[in-house]
Amino acid sequence: MAFRDLPTFYYHTHFSEFLDFVKGPSAHLLSEFDLEFLQKYSQSAHLAQCLTVRLINRKYPVIKRSSLSFPEIPLASEVLVDLVSSGFVKNVSVENVLNLLEVLTKPELAALYEEVAAADSPKLIKSANKASFTRHCQRLCPHKIVTSGVAKDYIMRTTDAFVDYFLFLYFGHINGKLNQFSMRDLGLMRTRDEQAQMQSRFADYASAYSCFALTQAYEFAKKHTYESERDIVSFMATLPKANGPQAVLVSQKLGYVMAKSMLTVNPVAALSIAQDLQAPLAQEFWCRQAYKLGFKDAVEAKLNAIVDDPSTDKLLQFAEDFLARKYHKKRTSILTDMLRENNRHLLLDESYKGSVEYGVIAYYHARDIQAWRTENSVWKNLFGLCFWHELFELEGLGLATPFDYLPVCLKHHNFIAVAGKQIASRLASFSSCKDLLLQVTKSATAHYSKSQGIVNWHTNMLDKLTVVIEHLPLNGLKGQLRAMCSDWQLYNDGYPDIMVLENNKLRFEEVKAQGDTLRRNQLMQLQSLRGFGIDVGITTVGWTLDPMQAYAVIDIETTGGRAGTHKITEIGMVKMVNGEIVDQWQSLINPQRRIPSMITSLTGITNDMVADAPLFADIADELEAFTENCIFVAHNVNFDYGFIREEFARINRHYKRPKLCTVQQMRTHYKGLPSYSLANLTRHFDIGMQRHHRALSDAVAASELLKLVNEARR
């Protein structure tokens, strides 16, 4: 892949673009200190601005002076003086000692220890690792460390408090980095410039900054281990008040994390933290832990209150299930009940282990029943295309910046609150399934391939959506769409794996093999769809050796051994059912490159032979159709499968089939043979071959090995 060239001062241009958003749409979210920083930066000389951005882009806030060497910034050490006077950098101080020790090399740590340590201090062992050197230096006097010769070669960046907040305003989270602009310009990251509204994410400074501070605290709390109740109480005392709905959501998640941390040191105090939290996970946590501690009456009252006024369907399911099992002596959960219902049970060929959904679809196709893989995509696509205008084009609701995937209203969980009238109007406009299909088709036609995080564009998406819209009750579709509008986070995943059209009736199936579990979000979606009159159930799968399972035994010849750089020159395939070859297919392929002489010597395939042969793109449909609903079989299957998948990828198509390797299977079922190469196995088992290293001949030979394998498997 050829990278684009970036101009000399690309990083300065990117920072200016970034600040345009901060000073423009987000200007009302800035404090007087933020404005003062921006003014100082704008009044700095061009090279001082460039060096500031160079320092901001460094990973650590402590930076070695001698590392400041940039071709486009002559005499950087002199420019650094301007940054010191502006307050953008400073000498390392006592409060920065840990930051300093983090970046020092092992020799620098050794030199620091030798300079600062007292005469009676322990001696360093030269063979010790860097962590040991750091621990020894942490015991030194910090005031002596910052005046040492080692420390004087370092400076401390002071811009982080401003830039981190600005990055949060721009990206909407604390993990955004300025290098994403470079990745965009290099073509390594796709952005959504046309759809971006360049809009603020918050109403005012108080809501923006409290959300930022609480998000930082939340990320810290998730990774930190607290040793005592005092540590937890002290940390929570430092937290700012949550201003605005987004900050409240973060505060709720943070409270849940702190309650879980407190559980290990003081369970009663953990309940106190969780008791007033509205987050569903926190309420469930409180009920479970309070029940364990014996507060059964209080828990029962809480569960009944949830049932009377649930905040989410998921929380309602938990409350009903917990009440039934713990207070009415019910012995099974909703999950278990659903698995025990009159659901379907299918026996699939064991070759489908690892691709069970594909196996169920192949099972139905073999019986002339239409089936499709759907999972979350069909419902997200329906939602996105139905409400494209409301999600992406209404002012204030779309993508805030080109780096966003989801509209602001979905990230902030307020789509229904801010666009309720438009949503109701849109749903009311669908008086028939035909109206809904027309809206979905118009949106797909107008916006196909636009990058975002809801609609997953693919060639047959409208075919699937047409089946859904034409065969499901309109009120049921509208009900599920309304639920997705009300709580995108809850209703955007967990949908059934496949949909099946049988006798002109459409149903959805969640596929579970032995040992698979039904997750709570999957249960919620199953019950939600059922509640809207949509046929949905669970299909359990067992394993067998199906004699009627179709196998596509394949062999290829290539220009070399690496799928990423070499190409296919010949493909041979035979289809086997019940131990018999029922079809075969073979073709030379023009690789659009010369075949090395050593490959010609091996295969007999010359450049002249493939000159007029079809390209892979010309035969891709035939290959896909030939192998549909088949197990992909080859001798050393990853080689053949890898080349074919790569060829499909080159024409922007996805290819996936369950695989079976005759090398691996022969090793398993016929142990102790001197060699498992195709040639040696055919000799050992007296299998005839017309011409080794020609695709169809090798495919036929591998099909004979498959017969032996299946005999042993029985």
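**Student:** Give a detailed account of the environment of glutamate 284, specifying residues and quantitative values.
**Tutor:** If you trace the backbone, glutamate 284 turns up in helix 16 (residues 280-292). On the basis of relative accessible area, glutamate 284 is assigned to the buried category, the value being 15%. Placed 31 residues apart in sequence, glutamate 284 and leucine 315 show a C-alpha to C-alpha distance of 7.3 Å. Beyond its immediate chain neighbours, meaning those up to four positions away, glutamate 284 contacts Leu315, Phe318 and Arg520.

**Student:** Requested: an account of the pairing of strand 7 (residues 505-513), with residues and values cited.
**Tutor:** The element strand 7 is extensively covered by neighbouring structure, given that eight of its nine residues are classed as buried. The pairing of strand 6 (residues 498-502) with strand 7 spans five bridges and is classified as antiparallel. Counterpart to leucine 501 in the pairing with strand 7 is leucine 506. By the bridge criterion, six bridges tie strand 7 to strand 8 (residues 536-544) in an arrangement that is parallel.

**Student:** Help me get a handle on unusual backbone geometry, residues and values and all.
**Tutor:** Backbone geometry at aspartate 368 places phi at a positive 60°, although glycine is not the residue there. For aspartate 368, the position within the fold is in the loop between helix 20 (356-366) and strand 5 (370-373). For aspartate 686, which is not glycine, the phi dihedral falls at a positive 55°. For aspartate 686, the position within the fold is in the loop between helix 35 (678-684) and helix 36 (695-713).

**Student:** Go over the sheet that holds strand 3 (residues 154-157) with me, naming the residues and quoting the values.
**Tutor:** Sheet architecture is open: three strands sit in the order 1-3-2, paired in antiparallel fashion. The sheet is open, and its two edges are formed by strand 1 (62-64) and strand 2 (89-91), each paired on a single side. Neighbour to neighbour, the strand axes of the sheet diverge by 40° on average, direction disregarded.

**Student:** Can you explain the nonpolar core? Please cite residues and give values.
**Tutor:** Counting 80 residues, the largest nonpolar core has Phe18, Leu55, Leu83, Phe166, Val299 and Leu303 as the members making the most contacts within it. With near-sequence residues (within four places) excluded, leucine 83 lies in contact with Ala48, Leu51, Thr52, Leu55, Phe88 and Val89. Grouped together as the second largest cluster of nonpolar side chains are 57 residues, Cys386, Leu399, Leu436 and Ala483 included.

**Student:** Describe the environment of asparagine 266, and please don't skip the residues or the numbers.
**Tutor:** Note that asparagine 266 resides in the loop between helix 14 (245-263) and helix 15 (267-274). It is 6.9 Å that separates the C-alpha atoms of asparagine 266 and glutamate 229, two residues lying 37 residues apart in sequence.

**Student:** Describe a nonpolar patch on the surface, and please don't skip the residues or the numbers.
**Tutor:** A cluster of nonpolar side chains, namely Val268, Leu293 and Phe295, defines an oily patch on the protein surface of about 260 Å² accessible area. With respect to the secondary-structure elements, valine 268 resides in helix 15.

**Student:** Tell me what's going on with the layout of surface pockets, and back it up with residues and numbers.
**Tutor:** Of the voids in this model, the largest pocket is the one considered here, and its volume is about 1600 Å³. Taken together, 45 residues make up the lining of the largest pocket; nearest its centre are Leu249, Lys253, Lys411, His413 and Gln489. At the level of secondary structure, the elements contributing two or more residues to the lining of the largest pocket comprise helix 10 (160-171), helix 12 (205-223), helix 14, helix 16, helix 18 (313-327), helix 23 (408-411) and helix 28 (488-491). Examining the composition of the lining of the largest pocket, we find that nine residues originate from one element, helix 14, more than from any other. Here the lining of the largest pocket is built from residues that sort into 22 nonpolar, 15 polar and eight charged.

Criteria and cut-off values
- Residues numbered from 1 in each chain as written.
- Predicted model: local features only at pLDDT ≥ 70, side-chain atom pairs only at ≥ 80, totals over all residues.
- Heavy atoms only, no water.
- Helix = DSSP H or I, 4+ residues; strand = E, 2+ residues; numbered from the N terminus.
- Buried < 20%, exposed > 50% of the residue type's maximum accessible area, 1.4 Å probe, protein only.
- Contact = heavy atoms within 4.5 Å.
- Pairing = 2+ DSSP bridges.
- Axes fitted to C-alpha atoms, helices over the stretch in contact; angles between N-to-C directions.
- Core = buried A, V, L, I, M, F, W, Y, C linked by side-chain atoms within 4.5 Å.
- Patch = residues over 30% accessible without salt bridge, like charges linked within 9 Å, V, L, I, M, F, W, Y side chains within 5 Å.
- Areas by Shrake-Rupley, 256 points an atom, 1.4 Å probe, with all protein chains shown as cover.
- Salt bridge = Lys/Arg side-chain N within 4 Å of Asp/Glu carboxyl O.
- 1 Å grid on protein atoms, 1.4 Å probe; cavity = no way out; pocket = protein on both sides within 12 Å on 5 of 7 lines; lining within 4 Å.
- Points joined across faces, edges and corners; volume = space filled by probe spheres on them.
- Nonpolar A, V, L, I, M, F, W, Y, C, P; charged D, E, K, R; others polar.

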